[in-house]
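Topology and contacts: notes
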There are 2 protein chains.
Amino acid sequence: MGVEKFGPVRVGLLGIGTVGGGTFEVLWRNRQEITRRAGRRIEITQVADRDVDHARRIVADRARVLDDAAAVVADPAIDIVVELIGGTGVALKLVLAAIEAGKHVVTANKALLAMHGNEIFAAASRRGVMVAFEAAVAGGIPIIKALREGLSANRIESIAGIINGTTNFILSEMRDKGLAFDAVLAEAQRLGYAEADPTFDIEGVDAAHKATILAALAFGIPVQFDKCYVEGISTLQSTDIKFAEQLGYRIKLLAITRRRERGEGPHGIELRVHPTLIPARRLIANVEGAMNAVWVKGDAVGETMYYGKGAGAEPTASAVVADLIDVARVLTADPENRVPHLAFQAESISDLPILPMDDVETAYYLRMRVADEPGVLADLARILADGEISIDALLQREPGAGEDQTDIVLLTHVTFERRVNQAIARIEALPTVLSKVVRIRLEELA
Amino acid sequence: MGVEKFGPVRVGLLGIGTVGGGTFEVLWRNRQEITRRAGRRIEITQVADRDVDHARRIVADRARVLDDAAAVVADPAIDIVVELIGGTGVALKLVLAAIEAGKHVVTANKALLAMHGNEIFAAASRRGVMVAFEAAVAGGIPIIKALREGLSANRIESIAGIINGTTNFILSEMRDKGLAFDAVLAEAQRLGYAEADPTFDIEGVDAAHKATILAALAFGIPVQFDKCYVEGISTLQSTDIKFAEQLGYRIKLLAITRRRERGEGPHGIELRVHPTLIPARRLIANVEGAMNAVWVKGDAVGETMYYGKGAGAEPTASAVVADLIDVARVLTADPENRVPHLAFQAESISDLPILPMDDVETAYYLRMRVADEPGVLADLARILADGEISIDALLQREPGAGEDQTDIVLLTHVTFERRVNQAIARIEALPTVLSKVVRIRLEELA
């Protein structure tokens, strides 16, 4: 082809499961389109998988299939290694071995980068190779590229993302059908939207891996997964989804990271994943089903949002292959003048701390069961006032005939989490408060 | 600063109006953040503007101010020229002169690129310089980068964009307040959302410039502004916005470009800007006010959407400065191995034709005033059946007491525009049809 200015780039694929298979197929199906873009062929010449028979069925005679990933990594005929094995065991060893062997690496492994990214990127910088990971966050949505390059003029202020499709599907179904969490989870598993062991998704761990990566890119800090606050959706009740709706809000599992360098309280970065009330009229509140969306606010650009499929074979492959094309282009660039792995030059990574949850500032939805007696509201109001927490809205259900209990739902203005925790302890100690206080955080995203 | 691996990049800014002023300020305000990202300083060292006094008030002593843009372009001390003059006269001359002088160019000028892009990009390729233009489409939203790089693994199928804030603001207001076009336009002018001469915006020309650029990037075709079908919103009536709403749709001015290489009819690219009904439940239907959004469908990634401010000093500056950072990084790359201007290698640009409107396939909203007589519907149904146009929905207003006329609103399934035009001619010839047929295109965006 006349468009090929350079020789083909030879890729070794480690792991040909769902995403690996998608990557192989997309790169093959669109090879002409991709060569027209990249100016050179990008070919998967070797595929390593423990299940060699399965790999052969997909690959046929289009690449060499072997069961030894380490051999692919070590082969001088390979320019780029694509790691799609997952996990943080053998994947870490192979990625580090590939880097040491002077190969560029493309990976979709968010757990690996959230937990070992600093070590991996440092090794890559020493060896002058790229580690590309667009597929690690929000599948096919080019959010890593948007943060590292598209918004590079901005001081990023805040990110809020729906970056786990399983939980967004479950929350959408709970709201639409008024069903309980357990029933919807079972349905999601039946439909393939949730894994047999859904813990990582429903407890927010997957979203936290991705949030950790986004925070590093946005603020120029190291990846610090252990500092990310994580709360999943498994204890969320339909009641609260309904009350939120009455108040004009929807509940989403949001990954939030935000710079705080003004106002009272210590300065630093908020990094947290938890169910969150957001105004129903916000675009991101209308992201339904298994779709993902990331809302980013920068000082120059203002609000932006990126929407698409966050998982699945081909959407994820879209990002893996885009990384391959990027790396192929970068092969002829000065290694010192590439886009830095974590968006900022390694020498200028900031030590701005990640704030403990006590110091986080947000608004709150509080629900409690109370005795239908005079004075209950006065007690609540006094406790909140003592804690310097102001009330934004209050909803009190009329007790049914013969009932001597009712629900109170409160929305607070933005305050410190520490204050709310202290207030909740005092509220729960009131004799007229008959339940634990349900506490869900609330963000206006304005 | 320890992060500076290369010397500063010296930029000449041509035109310091709204966007130029924003660019100067963003680059100055975020200079530390930008140096941390780019690894080198990026400095506007010269500013040319016909209004030297105005320029001096903004720039103060932070750059040299002169009134001779040609001198900046010719100065060997300048690495990158930023063209923010606008228009296709002097801007074209200066951009070509900058390229000939071996400077990289950053521009926000969509009219220039839509009309002279082929010449400009060819000259740039000959001289081995970059012409970057993220700010030319959808302001601060990094949609050019998403198409050229983020989605580079995909065969792009379809794009639909709200890429003119003025018209989206007007349409949002017409719907919200039930006001007529003229009233809302006057209000938009008062608020600064519309220019004193709003023709380019309201007649769809601005959106067509941008659509032309998006089509080239998506499909690897030359820019062909003269082939873009353009229909604005100035004749749109509130009545139709209301009927659309009753049927579950919203009307937006969409820029649409789509690949058609299957099915009956000639193959090629659709490229068109016109008011469009879209289902109210689609995320893009809920993009309100002056915001922009671009929906892109690729064969691997599926649906994606990009949302943000499409205009304004700092959102546009966000894109201009991101381009400056990109160009600064590319300075050390092999010119042959850069991201191509129009996403595809110049040698592999396709000659897939842009289809004439007659060959476009879409669905339609048709409204007409009819005599309240038996047989009207039968006549309509026969004409549509003769044209092989099938009806998806029909709304007939009950005539008021004493009225002998009423409105019929029809939605058709997808068909060829030629067939609908022929059917409309026949419908308008019916004695029972008392008005011209109002015809608005409809896209499901599914």
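A quick note: this is a predicted structure, and the numbers were derived from the prediction, not measured. (Residues numbered from 1 in each chain as written. Chains lettered and ligands numbered in written order. Predicted model: local features only at pLDDT ≥ 70, side-chain atom pairs only at ≥ 80, totals over all residues. Heavy atoms only, no water.)

**Re the nonpolar core**
The cut-off we apply is this: In this description, a nonpolar core means a group of buried Ala, Val, Leu, Ile, Met, Phe, Trp, Tyr and Cys residues linked to one another through side-chain atoms lying within 4.5 Å. Throughout, exposure labels follow a simple rule: accessible area from a 1.4 Å probe, protein chains only, divided by the maximum for the residue type, with under 20% read as buried, over 50% as exposed, and the rest as partly exposed. Only heavy atoms enter the contact rule, under which two residues are in contact if any of them lie within 4.5 Å.
A:Ile143, A:Ile170, B:Ile120, B:Ile143 and B:Ile170 are the most contacted members of the largest nonpolar core, which totals 175 residues. Those residues within four positions of B:Ile143 in sequence are excluded, and the remaining contacts are B:Glu134, B:Val137, B:Ala138, B:Leu214, B:Val294, B:Val296 and B:Tyr306.

**Description of the relation of the copies chain B and chain A**
Put simply, the rule reads: When the copies are superposed, the least-squares fit draws on C-alpha atoms of residues that have pLDDT of at least 70 in both.
Once chain B is rotated about the relating axis by 180 degrees and shifted along it by 0.0 Å, it coincides with chain A to within an RMSD of 0.0 Å. On the angle and the small slide along the axis, the relation comes out as a two-fold axis. The rotation axis passes nearest to the C-alpha of B:Ala333 in chain B, at a distance of 2.0 Å. Looking at chain B, 100% of its interface residues are interface residues in chain A too, so the copies touch through the same face.

**Concerning the side chain of B:Thr304**
Here is the rule we go by: Going along the chain from the N terminus, every DSSP run of H or I of four or more residues is numbered as a helix, and every run of E of two or more is numbered as a strand. Here a polar contact is taken to be a pair of N or O atoms separated by no more than 3.5 Å, where protein atoms must pair a possible hydrogen donor with a possible acceptor and residues adjacent in sequence count only if both atoms sit in side chains.
Looking at the element boundaries, B:Thr304 is found in strand β12 (residues 302–309). Take B:Thr304: its relative accessible area is 0%, and that puts it in the buried class. Of note is the side chain of B:Thr304, whose polar atom sits 2.9 Å from the side chain of B:Tyr306. Not counting residues within four places of it along the chain, the set of residues in contact with B:Thr304 comprises A:Tyr307, A:Gly308, B:Leu151, B:Val294, B:Trp295 and B:Val296.

**Regarding a negative patch on the surface**
All names here are of chain A. Quick reminder of the rule: Surface patches are drawn from residues lacking salt bridges whose relative accessible area is over 30%; two like charges belong together within 9 Å, two nonpolar side chains (Val, Leu, Ile, Met, Phe, Trp, Tyr) within 5 Å. For the area figures, the Shrake-Rupley method with a 1.4 Å probe applies, and any residue is considered shielded solely by the protein chains shown. The rule for a salt bridge is simple: a side-chain nitrogen of Lys or Arg has to be within 4 Å of a carboxyl oxygen of Asp or Glu. Positive charge is attributed to Lys and Arg, negative charge to Asp and Glu, and no charge count is given to His or to the chain ends. We put the charge of a Lys on NZ, of an Arg on CZ, of an Asp on CG and of a Glu on CD.
On the surface, Asp-372, Glu-373, Glu-398 and Asp-404 cluster together into a negatively charged patch. Counting through the fold element by element, Glu-373 comes out in the loop between β13 (361–371) and α14 (376–386). What makes Glu-373 partly exposed here is its relative accessible area of 46%.

**A few points about the sheet that holds strand β4 (residues 80–83) of chain B**
Pairing between the strands of a sheet is mediated by backbone hydrogen bonds and can be parallel or antiparallel. Residue and element names in this part refer to chain B. Stated precisely, the cut-off is as follows: Only when DSSP finds a minimum of two bridges between them are two strands counted as paired.
Read from one edge of the open sheet, six strands run β3-β2-β1-β4-β5-β6, paired in parallel fashion. In the strand order of this sheet, the two ends are held by β3 (64–66) and β6 (131–132), each with one partner. One ladder, built from four bridges, connects strand β1 (residues 9–14) with β4; its direction is parallel. Residue pairing in the sheet places Gly-12 in a bridge with Val-81 of β4.

**Let's talk about the pairing of strand β15 (residues 405–412) of chain A**
Residue and element names in this part refer to chain A. Burial analysis of β15 places seven of its eight residues in the buried class, the great majority of the element. Inspection of the sheet shows β13 paired to β15 by seven bridges, in the antiparallel sense. Directly across from Leu-366, in β15, lies its bridge partner Leu-410. In terms of strand pairing, strand β14 (residues 391–396) meets β15 through five bridges, oriented antiparallel. Within β15, the residue paired with Ile-391 across the bridge is Thr-412.

**Some points on the domain arrangement of chain A**
To keep things clear, this is the line we draw: Per the annotation, domain bounds derive from an automatic or database assignment of domains.
When cut into domains, chain A gives domain 1 (9–132), domain 2 (144–309) and domain 3 (360–442). For domain 1 of chain A versus domain 3 of chain A, the distance between C-alpha centres works out to 53 Å.

**What about the sheet that holds strand β4 (residues 80–83) of chain A?**
All names here are of chain A. As a reminder, the rule being used: Interaxial angle, 0 to 180 degrees, is taken between N-to-C directions of lines fitted to C-alpha atoms, where a helix line uses only the stretch in contact.
What the six strands build is an open sheet, ordered β3-β2-β1-β4-β5-β6; its pairing is parallel. Each edge of the open sheet is held by one strand with a lone partner, namely β3 (64–66) and β6 (131–132). Across six bridges, the pairing between strand β1 (residues 9–14) and strand β2 (residues 42–48) is parallel. Each bridged residue has a counterpart across the sheet, and for Arg-10 the counterpart in β2 is Glu-43. Packed on one face of the sheet, helix α3 (residues 52–59) meets β2 and β3 and runs near 165 degrees to β3.

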